[in-house]
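Structural overview
Chain residues, written in single-letter form:
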Amino acid sequence: MNAPPPTSPPSGLRPSRAHLIYGGVEVGLSLVVAVVTWATWHSVWTTLLWTVLWLPVAHALGLAAGFVMAASGDPAPARRTTAGTNLAVWAYECAASILLLDVYQPWLSAAPLPAPNGPARPVAVLLLHGYGCNRAFWLRFSRHLAEAGYACDAINLGPMFGDIDGYAANVAAAAQALAERTRLPVVIVGHSMGGLAARACLRRYRTLPVAHTITLGSPHFGTLHTRNGVGTNVHQMRLGSDWLVALASSETDAERARITSIYSHHDNVVYPVRTSVLPGAHNLALDRLGHVSLATHPRARALVLETLERVAQGLRHSG
């Protein structure tokens with residue numbers, strides 16, 4: 001059992017270099033699209049339209065392909081819906097993904113999270129993003145937490161394509177620092193890979209002041225979607241990987257009872273969906289929500305807030 005790493009005074013937030021490069025590529029390609037469109041049509045409005053829309057259109061087409069692959073890879077009855085429902089799920093996922101991944105993450109990765117302005121709460125919240133993302137993923141979600149009175153923090157998990165176990169010390173230091181700053185126990189909320197990073201951290205640092213872990217769309221037993229990714233962390237998230245098996249076998253019943261897994265039957269990244277069900281944990285299923293939507297939609301947010309209140313009530317009773 002490892003002791004928590006020492007905490008250090010918080011330093012200024014630094015933008016994510018990888019995502020700044022991504023943002024630069026976005027801008028560069030937009031200029032290319034503008035030049036080509038103008039050279040072809042010599043129309044200001046056509047040029048403006050394609051310059052603004054090429055990235056959302058490309059992102060939306062990629063998401064449509066992802067939903068098709070998920071449906072073919074997981075033909076479970078719970079996934080079957082009408083064409084209109086599928087279109088609505090895709091449209092909301094497009095809006096959420098384009099905002100968070102193409103706007104917030106490249107340009108706002110160093111933005112501070114809002115301070116709590118609601119009623120005082122007995123826990124603080126540490127937010128962990130998923131694969132390929134950064135802390136800006138949580139900017140919208142953190143506003144709702146602040147309005148509900150929760151102090152929260154978010155960190156970057158790096159390197160982007162590194163070993164999930166390698167994130168443990170950073171997560172532990174952030175949880176310890178948040179607990180010391182607020183003098184409150186911490187609840188970790190992890191989206192996708194972030195939920196696995198939380199579990200990996202708690203496997204190594206079992207004495208952290210973490211009262212509970214909430215995962216959103218986390219591939220606890222892997223996902224077929226990793227066929228389309230690169231990096232050590234992607235190999236660890238493969239369906240039934242040795243790393244996931246070892247992680248699961250290391251947890252006690254008491255530790256599992258302090259985990260809540262929230263997932264969607266229509267996840268376009270984590271499938272088959274049954275891999276998000278973690279035996280011994282509190283498993284809460286949603287439907288008609290895509291992968292990124294689990295961190296933005298009011299129904300998912302309501303489940304997170306309900307879980308935070310349940311944890312708070314348990315702490316009051318135990319105290």
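Here the residue numbers are simple positions, counted from 1 along each chain's written sequence. For this predicted model, a pLDDT threshold of at least 70 governs which residues receive local features, and a threshold of 80 or more governs which side-chain atom pairs are given and counted, while totals over whole chains, interfaces and linings are taken from all residues. Only hydrogens and water are set aside when side-chain values are computed; all heavy atoms of the structure are taken into account.

What follows deals with the overall build of the protein. Where helices and strands are cited, they refer to DSSP runs of H or I of at least four residues and of E of at least two residues respectively, numbered from the N terminus. The helix and strand inventory of the protein stands at 10 helices and six strands. Here the globule rule is a power law, 2.2 Å times the number of residues to the power 0.38, and the radius of gyration is based on C-alpha atoms. Whereas a compact globule of 319 residues would reach a radius of gyration of roughly 20 Å, the protein reaches 20 Å, a difference of no more than 12%. Expressed along its principal axes, the backbone C-alpha trace of the protein runs to roughly 70 × 45 × 35 Å. Type-normalised accessible area, obtained with a 1.4 Å probe on protein chains alone, sets the label of each residue: buried when under 20%, exposed when over 50%, and partly exposed for intermediate values. Counting the 319 residues in the protein, one finds 49% classified as buried. It only takes one pair of heavy atoms within 4.5 Å for two residues to be counted as in contact. Restricting the contact set of the protein to residue pairs at least 6 apart, pairs at least 24 apart contribute 76%.

Here the rule is simple: two strands pair whenever DSSP picks up at least two bridges between them. Pairing in this open sheet of six strands is parallel, and the strands run S2-S1-S3-S4-S5-S6 from one edge to the other. The open sheet has two free edges, formed respectively by strand S2 (152-155) and strand S6 (282-286), since each of these has just one partner strand. Ignoring which end each strand starts from, the neighbouring axes of this sheet average 20 degrees apart. Axis definition: a line fit to C-alpha positions, over the contact stretch in the case of helices; interaxial angles, taken between N-to-C directions, run 0 to 180 degrees. Packing of helix H4 (residues 139-147) onto the sheet brings it into contact with strand S1 (124-128) and S2, and relative to S1 it is tilted by some 175 degrees. Lying over the sheet, helix H10 (residues 298-318) contacts S1, strand S3 (186-191), strand S4 (210-216), strand S5 (259-264) and S6, oriented at roughly 165 degrees with respect to S4.

The next thing to look at is the pattern of salt bridges. Salt bridges are counted wherever a side-chain nitrogen of Lys or Arg sits within 4 Å of a carboxyl oxygen of Asp or Glu. As enumerated under the stated definition, the model contains nine salt bridges in all. Across the salt bridge formed by Arg 199 and Glu 251, the nearest N and O atoms sit 2.8 Å from each other. Residue Arg 199 is located in helix H6 (residues 193-204), and its partner Glu 251 is located in the loop between helix H8 (242-249) and helix H9 (253-256); the two are separated by 52 residues in the primary sequence. Just as Arg 199 is buried, Glu 251 falls in that class too.

A few words now on the packing of aromatic side chains. Between 30 and 60 degrees the pair is tilted, below 30 it is stacked and above 60 it is edge-to-face, where a pair is any two Phe, Tyr or Trp rings, Trp via its six-membered ring, whose centres lie within 6.5 Å. For the coordinates displayed, the defined rule picks out three aromatic pairs. Centroid distance Phe 137 to Trp 138: 5.3 Å. Interplanar angle 85 degrees. Geometry classified as edge-to-face. Summarising the burial analysis for this pair, Phe 137 and Trp 138 share the class buried. Between Trp 138 and Phe 141, the aromatic rings sit 5.4 Å apart at their centres with planes inclined by 75 degrees, giving edge-to-face as the arrangement. Since its relative accessible area comes to 0%, Trp 138 is described here as buried. Using a relative accessible area of 3% as the deciding quantity, one classes Phe 141 as buried.

Before going further, it helps to spend a moment on the UniProt feature "transmembrane region" (unreviewed entry) in the protein. UniProt positions are given in the numbering used here, feature names are shortened, and annotations may be inferred rather than shown by experiment. The feature "transmembrane region" (unreviewed entry), as given by UniProt, occupies residues 20-41 and 47-70 in the numbering adopted here. The annotated region residues 20-41 carries 100% helix and 0% strand content, and the separation between its end C-alpha atoms amounts to 31 Å. Taken end to end, residues 47-70 has its terminal C-alpha atoms 35 Å apart, with 100% of it in helix and 0% in strand.

Glancing now at unusual backbone geometry. Following Gly 158, the chain continues to Pro 159 via a peptide bond in cis, the omega torsion being 0 degrees. Among the structural elements, Pro 159 can be located in the loop between S2 and helix H5 (168-182). In this structure, the amide linkage connecting Tyr 271 to the following residue, Pro 272, adopts the cis form with an omega of 0 degrees. Topologically, Pro 272 is positioned in the loop between S5 and S6. At His 42, a position not held by glycine, the phi torsion is positive, near 50 degrees. Unlike most non-glycine residues, Arg 183 shows phi in positive territory, near 55 degrees. With respect to the element layout, Arg 183 can be found in the loop between H5 and S3. Arg 183 sits in the exposed class, given a relative accessible area of 78%.

Mapped onto the secondary structure, Glu 93 falls in helix H3 (residues 83-107). Lys and Arg are tallied as positive, Asp and Glu as negative. Neither His nor the chain termini are counted. The side chain of Glu 93 is buried and forms no salt bridge, while Arg 299, the nearest opposite charge, is found at 10 Å. Among the polar contacts made by the side chain of Glu 93, one reaches the main-chain amide nitrogen of Val 292 at a distance of 2.8 Å. N or O atoms within 3.5 Å of each other form a polar contact, as long as, within protein, one can give a hydrogen and the other can take it, and as long as residues adjacent in sequence are counted only when both atoms are side-chain atoms. At a separation of 2.5 Å, a polar atom in the side chain of Glu 93 contacts the side chain of Ser 293.

The next subject is the pairing of S2. Of the pairings in the sheet, the one linking S1 to S2 comprises four bridges and is parallel in character. Along S2, the bridge assignment pairs Leu 128 with Ile 155. When the strands point away from the viewer and the connection leading from the first strand across the helix to the second strand turns clockwise, the crossover is called right-handed. At this point the chain moves from S1, through H4, to the parallel S2, and the crossover so formed is right-handed.

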